[in-house]
Amino acid sequence: TVDGKDTDEMQVVQDDTSNTKTRTINHEQDEEMQEAIHYCDILKAYANYATYIFQKFNRIEADFRSIPKIQQALIPSFEKKLRTMRACVGANQLFIRKILNERWVFMGSDTINYDWVMRKKRSPSTGDMDKVVSTLKQCVRDWSIEGKEE
């Protein structure tokens, strides 16, 4: 560290052919790459919102179908409610897509290839998906008539 900033370090590594090599590690670039990976993970979570929620709905519907018809009859509005919720998820995904279309604004690095990072096979975690749902709920509370009182 020089003047409080991380500097490049030399690291000795051994490759598969038992050759010893020296490579330079730049901690600032490592931090920038980790930040880019995290950012892209968030983008992927938002892009997968509808798929995630529809999978949940499919499980709920399957559970509902597995109970006896007499118990299903106690919730006559289930089908209609599920259709309404699916339509709302579709509208949410359209809203999210508009935001994601502007993602390039935050990808202003000369050293990170964001296209490469986005192509990495990393699936959004359940925790990331729950954060997406929570953020959408917060948007409703902040921006809708229903959330005006809050």
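Heads up: these notes are all about the structure in this document.

Cut-offs applied
- Residues numbered from 1 in each chain as written.
- Predicted model: local features only at pLDDT ≥ 70, side-chain atom pairs only at ≥ 80, totals over all residues.
- Heavy atoms only, no water.
- Salt bridge = Lys/Arg side-chain N within 4 Å of Asp/Glu carboxyl O.
- Helix = DSSP H or I, 4+ residues; strand = E, 2+ residues; numbered from the N terminus.
- Buried < 20%, exposed > 50% of the residue type's maximum accessible area, 1.4 Å probe, protein only.
- Phe/Tyr/Trp six-rings, centres within 6.5 Å; stacked < 30°, edge-to-face > 60°.
- 1 Å grid on protein atoms, 1.4 Å probe; cavity = no way out; pocket = protein on both sides within 12 Å on 5 of 7 lines; lining within 4 Å.
- Points joined across faces, edges and corners; volume = space filled by probe spheres on them.
- Nonpolar A, V, L, I, M, F, W, Y, C, P; charged D, E, K, R; others polar.
- Contact = heavy atoms within 4.5 Å.
- Expected span 1.5 Å × (residues − 1).
- Arc of directions from axis to C-beta.

### Some details on the pattern of salt bridges
Tallied over the full model, the rule gives three salt bridges. The shortest N-O distance in the salt bridge between Glu-61 and Arg-86 comes to 3.3 Å. Taken together, the positions of Glu-61 in helix 2 (residues 49-66) and Arg-86 in helix 4 (residues 78-100) put the pair 25 residues apart, joining distant regions of the chain. Taking relative accessible area as the criterion, Glu-61 reaches 22% and is therefore assigned partly exposed. One salt bridge in this structure joins Arg-65 and Glu-79, with 2.0 Å as the shortest N-O distance. Here the residue Arg-65 occupies a position in helix 2, and Glu-79 occupies one in helix 4, the gap between them amounting to 14 residues. According to the relative accessible area criterion, Arg-65 is partly exposed, its value standing at 39%. Look at the salt bridges and you will find they share partners, linking Glu-61, Arg-65, Glu-79 and Arg-86 into a network.

### Section: the packing of aromatic side chains
Enumeration according to the criterion identifies three aromatic pairs in this entry. Here Phe-54 and Phe-57 contribute two aromatic rings whose centre-to-centre distance is 6.4 Å and whose plane-to-plane angle is 50°, an arrangement assigned as tilted. With Phe-54 and Phe-57 both in helix 2 and three residues apart, the pair spans about one turn of that helix. Ring centres 3.9 Å apart and planes at 15° place the aromatic pair Phe-64 and Phe-78 in the stacked group. Of the two residues, Phe-64 sits in helix 2 while Phe-78 sits in helix 4, which places them 14 residues apart along the sequence. Each member of the pair, Phe-64 as well as Phe-78, is classed as buried.

### Here's the deal with the layout of surface pockets
Estimates place the volume of the largest pocket at around 460 Å³. Taken together, 16 residues make up the lining of the largest pocket; nearest its centre are Tyr-49, Asn-92, Leu-136, Lys-137 and Val-140. Only helix 2, helix 4 and helix 6 (126-143) provide two or more residues apiece to the lining of the largest pocket. Roughly 220 Å³ of internal volume is contained in the second largest pocket. If you trace the second largest pocket, you find 14 residues lining it, with Leu-43, Tyr-46, Ile-96, Ile-99 and Leu-100 closest to the centre. Counting residues per element, the ones that place at least two in the lining of the second largest pocket are helix 1 (27-47), helix 4 and helix 6. Split into classes, the residues belonging to the lining of the second largest pocket amount to 11 nonpolar, one polar and two charged.

### Side note on the side chain of Asp-41
Residue placement: Asp-41 occurs in helix 1. For Asp-41, a relative accessible area of 13% gives the class buried. Once residues within four sequence positions are removed from consideration, Asp-41 is found in contact with Arg-122 and Asp-128.

### Describing helix 2
Taking 1.5 Å of rise per residue, the 18 residues of helix 2 would be expected to cover 26 Å, and the 26 Å separating its terminal C-alpha atoms lies within 8% of that figure. All buried positions along helix 2 are accounted for by Tyr-49, Ala-50, Tyr-52, Ile-53, Phe-57 and Phe-64. One side of helix 2 holds all its buried residues, which, seen down the axis, span an arc of 165°. Every exposed residue of helix 2 that faces more than 90 degrees away from the buried side is listed here: Asp-63 and Ser-66.

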